[in-house]
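# Examining the three-dimensional arrangement
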Amino acid sequence: MEISQTGAKDMPAAIREATGTTEMKQEEEKRSGERILAGFDTEGGLLIETHSPEETYALGEALGEAAAPGQVYTLTGDLGVGKTVFAQGFARGLGITGTVNSPTFTILQIYEEGRLPLFHFDVYRIGDVEEMEEIGYEDYFYGEGVCLIEWAELVEEILPENRVGVSVAKNPEKGFDYRQIEICRRSERASNCGRTAENLR
Ligand code: ADP
Ligand code: MG
């Protein structure tokens, strides 16, 4: 992984701050710190550049290791940008060893073998938010597990106020495998990064 750290903070601390996670074991801290080397702060958030699927996976893994019960992570970005790659790393970081794929045809896939239950949503094919009500999304959003929601912008109106936004974008000028990943915490008190959910899409 390319080293281009411009922020003064060490990465695990930056991840905790950007995601609102307050606790993380020291040993996990060390491990994820070794993996994620390229990153710099945006205003209250974190901007990370990756140059391969493996790096995006490693970023997801570090966030999965740091995740806390009850957190909701939204994953936004165009088709094929790497949301599922990130989700797979995230699952691994939670200690899930089974295969994680996009639950496109089921909306929700539940993984319970990790440190915390993972509720992996992919709402790409959702017709109406009522479908979310039918599966009882509130139990998951406001429960003790961790939610990852691919295509979260499609269910904007039911997203909790407190959440961590992860948006992935390509930049053709920087190469085929380049991705810019912004991690931004939203809360009742403040929308970090000086952004609204609108321009996080
Ligand atoms: P999404 O879930 O956003 O639709 P996927 O994660 O399924 O996208 O697919 C992302 C694709 O982009 C994969 O084929 C992956 O190998 C490729 N890819 C290339 N570079 C990267 C990168 N830096 N990060 C993530 N994926 C990448
Ligand atoms: Mg996907």
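A brief look at the structure comes next. None of the values given here were measured: they were computed from a predicted structure. (Residues numbered from 1 in each chain as written. Chains lettered and ligands numbered in written order. Predicted model: local features only at pLDDT ≥ 70, side-chain atom pairs only at ≥ 80, totals over all residues. Heavy atoms only, no water.)

## Some points on the packing of aromatic side chains
As a reminder of what qualifies: Ring pairs are drawn from Phe, Tyr and Trp, using the six-membered ring of Trp, whenever the two centres fall within 6.5 Å, and their geometry is named by plane angle: stacked under 30 degrees, edge-to-face over 60, tilted for the rest.
On inspection of all chains with the given rule, the structure shows 8 aromatic pairs. Members of the aromatic cluster, each reached through a chain of ring pairs, are Phe119, Phe121, Tyr137, Tyr140, Phe141 and Tyr142.

## Description of the nonpolar core
What counts, and what does not: We call a set of buried Ala, Val, Leu, Ile, Met, Phe, Trp, Tyr and Cys residues a nonpolar core when their side-chain atoms join them within 4.5 Å. Each residue's exposure class comes from its accessible area (1.4 Å probe, protein chains only) as a fraction of the maximum for that residue type: buried when under 20%, exposed when over 50%, partly exposed otherwise. In this text, helices come from DSSP runs of H or I with a minimum length of four residues, and strands from runs of E with a minimum of two, each type numbered from the N-terminal end. In this description, contact between two residues means that some pair of their heavy atoms is separated by no more than 4.5 Å.
Formed by 31 residues in total, the largest nonpolar core has its most connected members in Tyr73, Phe90 and Ile183. Contributions of two or more residues to this core are made by α1 (11–19), β2 (46–50), α3 (53–66), β3 (72–76), α4 (83–93), β6 (146–150), β7 (163–170) and β8 (179–186). Sequence-distant contacts of phenylalanine 90, that is, excluding residues within four places in its chain, are made with Gly60, Glu61, Leu63, Gly64, Ala67, Tyr73, Leu118, Val146 and Leu148. In terms of nonpolar packing, the next biggest core, distinct from the first, is built from 19 residues, Leu108, Phe119, Tyr137 and Tyr140 among them.

## Quick look at the site of ligand 1
Short version of the rule: Nearness here has a simple test: a residue counts as near a molecule or strand if at least one of its heavy atoms is within 4 Å of that partner. For this analysis, a polar contact is any N or O atom pair within 3.5 Å, provided that within protein one partner can donate a hydrogen and the other can accept it, and provided that sequence-adjacent residues contribute only side-chain to side-chain pairs. Residue-level accessible areas treat just the shown protein chains as cover; the underlying method is Shrake-Rupley with a 1.4 Å probe. Amino acid classes used here: Ala, Val, Leu, Ile, Met, Phe, Trp, Tyr, Cys and Pro are nonpolar; Asp, Glu, Lys and Arg are charged; the rest, including Gly, are polar.
Close contacts around ligand 1 come from 15 residues, with Thr56, Gly80, Lys83, Thr84 and Asp177 the closest. One of the backbone N or O atoms of valine 81 is found 3.3 Å from an oxygen atom in ligand 1. Measuring from an oxygen atom of ligand 1, one finds a side-chain N or O atom of arginine 179 at 3.2 Å. For ligand 1, whose unbound accessible area comes to 570 Å², protein coverage reaches 75%. For the shell around ligand 1, the secondary structure elements donating two or more residues are α3 and α4. The greatest single-element share of the shell around ligand 1, amounting to 3 residues, is contributed by α4. Of the residues in the shell around ligand 1, the class split is 4 nonpolar, 6 polar and 5 charged.

## Here's the deal with unusual backbone geometry
Its identity as a non-glycine residue notwithstanding, isoleucine 107 has a phi of 65 degrees, on the positive side. Mapped onto the elements, isoleucine 107 comes out in the loop between α4 and β4 (108–111). Of the residues examined, isoleucine 107 reaches a relative accessible area of 11% and is grouped as buried. Positive phi is not limited to glycine here, since tryptophan 151 has a value of about 65 degrees. With respect to the element layout, tryptophan 151 can be found in the loop between β6 and β7.

## What about the pairing of strand β5 (residues 118–122)?
Heads up, the condition is: Two strands qualify as a pair provided that DSSP identifies no fewer than 2 bridges between them.
In terms of burial, β5 is a largely internal element, 5 of the 5 residues being buried. Covered by surrounding structure in β5 are Leu118, His120 and Asp122 together with Phe119 and Phe121, the residues of both alternating faces. In this antiparallel pair of consecutive strands, β4 and β5, the connection spans 6 residues. Inspection of the sheet shows β5 paired to β6 by 5 bridges, in the parallel sense.

## Re the side chain of arginine 163
By the element assignment, arginine 163 lies in strand β7. Residue classification places arginine 163 among the buried positions, given a relative accessible area of 7%. Side-chain polar atoms of arginine 163 contact the backbone oxygen of proline 160, separated by 2.8 Å.

## Some remarks on a negative patch on the surface
Using the following cut-off: Every patch collects residues that have over 30% relative accessible area and no salt bridge, joining them within 9 Å if they carry like charges and within 5 Å if they are nonpolar side chains (Val, Leu, Ile, Met, Phe, Trp, Tyr). Salt bridges are counted wherever a side-chain nitrogen of Lys or Arg sits within 4 Å of a carboxyl oxygen of Asp or Glu. Under the counting rule used here, the positive set is Lys and Arg, the negative set is Asp and Glu, and His together with the chain ends is not counted. Charged side chains are reduced to one point each, which is NZ for Lys, CZ for Arg, CG for Asp and CD for Glu.
A grouping of Asp128, Glu130, Glu133, Glu134, Glu138, Asp139 and Glu157 is seen on the molecular surface, where their side chains present a negatively charged patch. Secondary-structure elements contributing two or more residues to the negative patch are α5 (130–134) and α6 (137–141). Among the elements that take part in the negative patch, α5 stands out by supplying 3 residues, more than any other. By the element assignment, glutamate 133 lies in helix α5.

## A closer look at the pattern of salt bridges
Tallied over the full model, the rule gives 3 salt bridges. A salt bridge links arginine 186 to glutamate 161; the nearest nitrogen and oxygen atoms lie 3.6 Å apart. Remark: glutamate 161 occurs in the loop between β6 and β7 and arginine 186 occurs in strand β8; sequence separation between them is 25 residues. Relative accessible area serves as the criterion here: at 41%, glutamate 161 is assigned to the partly exposed category.

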